[in-house]
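Here are the chains, one letter per residue:
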Amino acid sequence: MAHITDVLRRPVLTEKSMKLMQEENKYTFFVDTKSNKTEIKQAVEAMFGVKVTSVNTMNVHPKKKRVGRYAGKTAAEKKAIISLAEGQSINLFGDEAE
């Protein structure tokens, strides 16, 4: 397995992911495109000390972008939605009290 900081890139903090956190106890992360579900599960459990029940992954395809006459694409990424066991939680916002 790769190091946990190589697997987990950053959390996804959007309205939809925040709703999943509050209502269904699911957390969304951008992960390494080569990582599999087992590596993602082990990385989350090691980094945050929680029990992961399931991992769902999806590949985010690049979008075409254009600035004036210059055309390009955004980076291809992989997202993972992590379901935690009942009563478990991850504090993504540092010292903020829950």
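Predicted model, so just to flag it, every value in this text is computed and none were measured.

(A) Broad picture of helix 3 (residues 37-48). Taking 1.5 Å per residue as the helical rise, helix 3 with its 12 residues ought to reach 16 Å, and the 16 Å between its terminal C-alpha atoms agrees with that figure. Residues of helix 3 that are buried: Ile40, Ala43 and Val44. With its buried residues spanning 95 degrees around the axis, helix 3 presents them on a single face. Buried-residue contacts for helix 3 involve helix 1 (4-7), strand 1 (8-11), strand 2 (26-31), strand 3 (52-60) and strand 6 (77-84). Capping of helix 3 at its N-terminal end is provided by asparagine 36; its side-chain oxygen lies 3.2 Å from the backbone amide nitrogen of threonine 38. Just downstream of helix 3 lies glycine 49, where phi reads positive at about 65 degrees.

(B) Expanded view of the nonpolar core. Ranked by size, the top nonpolar core spans 17 residues in total, and within it Phe29, Ile40, Val44, Ile82, Leu84 and Ile90 carry the most contacts. Among the secondary structure elements, those contributing two or more residues to this core are helix 1, strand 2, helix 3, strand 3 and strand 6.

(C) Looking closely at the sheet that holds strand 2. The strand order across the open sheet built from four strands is 1-2-6-3, with neighbouring strands paired in antiparallel fashion. Single-partner strands in this sheet number two, and they are strand 1 and strand 3. Strand-to-strand twist of the sheet, defined as the mean angle between neighbouring strand axes without regard to direction, takes the value 30 degrees. For strand 1 and strand 2, the ladder comprises three bridges, and the chain directions are antiparallel. Directly across from leucine 8, in strand 2, lies its bridge partner valine 31.

(D) Examining the pattern of salt bridges more closely. In the structure shown here, the tally under the stated rule is three salt bridges. Between aspartate 32 and arginine 9 there is a salt bridge; the shortest N-O distance is 2.7 Å. Of this pair, aspartate 32 sits in the loop between strand 2 and helix 3 while arginine 9 sits in strand 1, and the two are 23 residues apart along the sequence. Judged by relative accessible area, arginine 9 falls into the exposed class, the value being 52%. Residue lysine 26 is joined to glutamate 24 by a salt bridge in which the shortest nitrogen-to-oxygen separation is 3.5 Å. The class for glutamate 24 is partly exposed, based on a relative accessible area of 44%.

Criteria and cut-off values
Residues numbered from 1 in each chain as written. Predicted model: local features only at pLDDT ≥ 70, side-chain atom pairs only at ≥ 80, totals over all residues. Heavy atoms only, no water. Helix = DSSP H or I, 4+ residues; strand = E, 2+ residues; numbered from the N terminus. Expected span 1.5 Å × (residues − 1). Buried < 20%, exposed > 50% of the residue type's maximum accessible area, 1.4 Å probe, protein only. Arc of directions from axis to C-beta. Contact = heavy atoms within 4.5 Å. Polar contact = N/O pair within 3.5 Å; in protein donor to acceptor, adjacent residues only side chain to side chain. Core = buried A, V, L, I, M, F, W, Y, C linked by side-chain atoms within 4.5 Å. Pairing = 2+ DSSP bridges. Axes fitted to C-alpha atoms, helices over the stretch in contact; angles between N-to-C directions. Salt bridge = Lys/Arg side-chain N within 4 Å of Asp/Glu carboxyl O.

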